[in-house]
Every structure is written in structure tokens, then in C-alpha cells.
Amino acid sequence: MGAKVVVIIATGEEQKALTGIMYASKNLSEGWLDDVKVVFLGPSERLLVTSEEIAKVAKELSAAHKPLACKFVADNEGITDKLEALGLKVDYVGTIIADLLKDGYLPMVF
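Right, let's walk through the structure included here. Computed from a prediction, not measured in an experiment: that's the story for all the values here.

Some points on the nonpolar core
Counting 25 residues, the largest nonpolar core has Val7, Val38, Phe40 and Leu48 as its most contacted members. Those residues within four positions of Phe40 in sequence are excluded, and the remaining contacts are Ile9, Ile21, Glu45, Leu48, Ala58, Pro67, Leu68, Ala69, Cys70 and Leu88. With 10 residues, the next largest nonpolar core counts Val39, Leu68, Cys70 and Val73 among its residues.

Next comes the structure, spelled out in C-alpha cells:
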């Protein structure tokens, strides 16, 4: 089995979220692992629409890889359209994350 990771960015702290996004971006561009998935969940979704720096790097990440954002949170926060405008796929991520874990993806949570 190849090395696969799901990077879950759940923090509302800008520097911690930036660390997770940059790790995922570098990993995707350098091919360090066989596959990398990125999921924004909870407070990080609000951060995506309030922090220009986070929005910028997330949009760059979206150009090469379509990260996911949690639809339940996005709809409750009223930010679904803004997340989609950044290039994120907004979907219910609970079962998606569970399936990734079943498929051997290791979780990295920021």
C-alpha cells in the first residue's frame, strides 16, 4: 500500500491553518506521498473567508487540487458560495473522511 494522507485543517488559528495548507501544497507539488487529500472543517472554513492570506494560499491550492470543505458548517455559517468561489468543493465530509481512513489514508490534523 502506498503512503496516503488526508490533511484535515480544522483550526481557526491563522498560523496553524497556514502550516497545514503549506504542508499539503508542498507535498502535492513535490510528490512526497502517493496521494494527499485536503479537508477544511469547522473554524478553518470561517478563516478561509475572513483571512486574505489564508484565502490566497487556499485558492492557489485549489488551482492544482480541489480541497473539500464541510457543507454542514458552510451552510450554517452562510459561506458556501464564498468557499466555492475560492475553488473548494463543498460537500458533507463525515463519510468522505471515514472512507478515506478505511482506504488507508493517514490523518494529519491542523
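Picking up after the structure, the text goes on.
With respect to the packing of helix H2 (residues 43-50) against helix H3 (residues 52-64)
Their axes nearest at 6 Å, the elements H2 and H3 cross at an angle of 100°. As far as their axial angle goes, H3 and H2 are roughly perpendicular. Across the interface between the two elements, Leu47, Leu48 and Thr50 from H2 touch Glu52, Ile54, Ala55 and Ala58 from H3. By residue class, the composition of the contact of H2 with H3 is five nonpolar, one polar and one charged.

Concerning H2
Restricting attention to buried positions, one finds in H2 the residues Ser44, Glu45, Leu47 and Leu48. Mapping the buried residues of H2 onto a view down its axis gives an arc of 160°, with all of them on the same face. Across from the buried face of H2, at angles greater than 90 degrees, the exposed residues are Pro43 and Thr50.

Things to note about the pattern of salt bridges
Under the definition given, this model contains six salt bridges. A salt bridge links Arg46 to Glu77; the nearest nitrogen and oxygen atoms lie 2.8 Å apart. Taken as a pair, Arg46 in helix H2 and Glu77 in helix H4 (residues 71-77) lie far apart in primary sequence, 31 residues in all. Asp75 serves as the salt-bridge partner of Lys71, at 3.0 Å between the closest nitrogen and oxygen. Taken together, the positions of Lys71 and Asp75, both in helix H4 and four residues apart, correspond to about one turn of that helix.

Focus on the packing of helix H1 (residues 14-30) against H3
Relative orientation of the contacting elements H1 and H3 amounts to 20°, with a least axis distance of 10 Å. With respect to their mutual orientation, H1 and H3 come out roughly parallel. When the axes of H1 and H3 are compared, the crossing they make is left-handed. Contacts from Glu14, Ala17, Leu18, Ile21, Met22, Ser25 and Leu28 in H1 reach Glu53, Ile54, Val57, Ala58 and Leu61 in H3. Residue composition of the contact of H1 with H3, by class: nine nonpolar, one polar and two charged.

The rules behind the values
Residues numbered from 1 in each chain as written. Predicted model: local features only at pLDDT ≥ 70, side-chain atom pairs only at ≥ 80, totals over all residues. Heavy atoms only, no water. Core = buried A, V, L, I, M, F, W, Y, C linked by side-chain atoms within 4.5 Å. Buried < 20%, exposed > 50% of the residue type's maximum accessible area, 1.4 Å probe, protein only. Contact = heavy atoms within 4.5 Å. Axes fitted to C-alpha atoms, helices over the stretch in contact; angles between N-to-C directions. Helix = DSSP H or I, 4+ residues; strand = E, 2+ residues; numbered from the N terminus. Parallel < 35°, antiparallel > 145°, perpendicular 65-115°, else oblique. Nonpolar A, V, L, I, M, F, W, Y, C, P; charged D, E, K, R; others polar. Arc of directions from axis to C-beta. Salt bridge = Lys/Arg side-chain N within 4 Å of Asp/Glu carboxyl O. Left-handed = near helix turned anticlockwise from the far one by under 90°.

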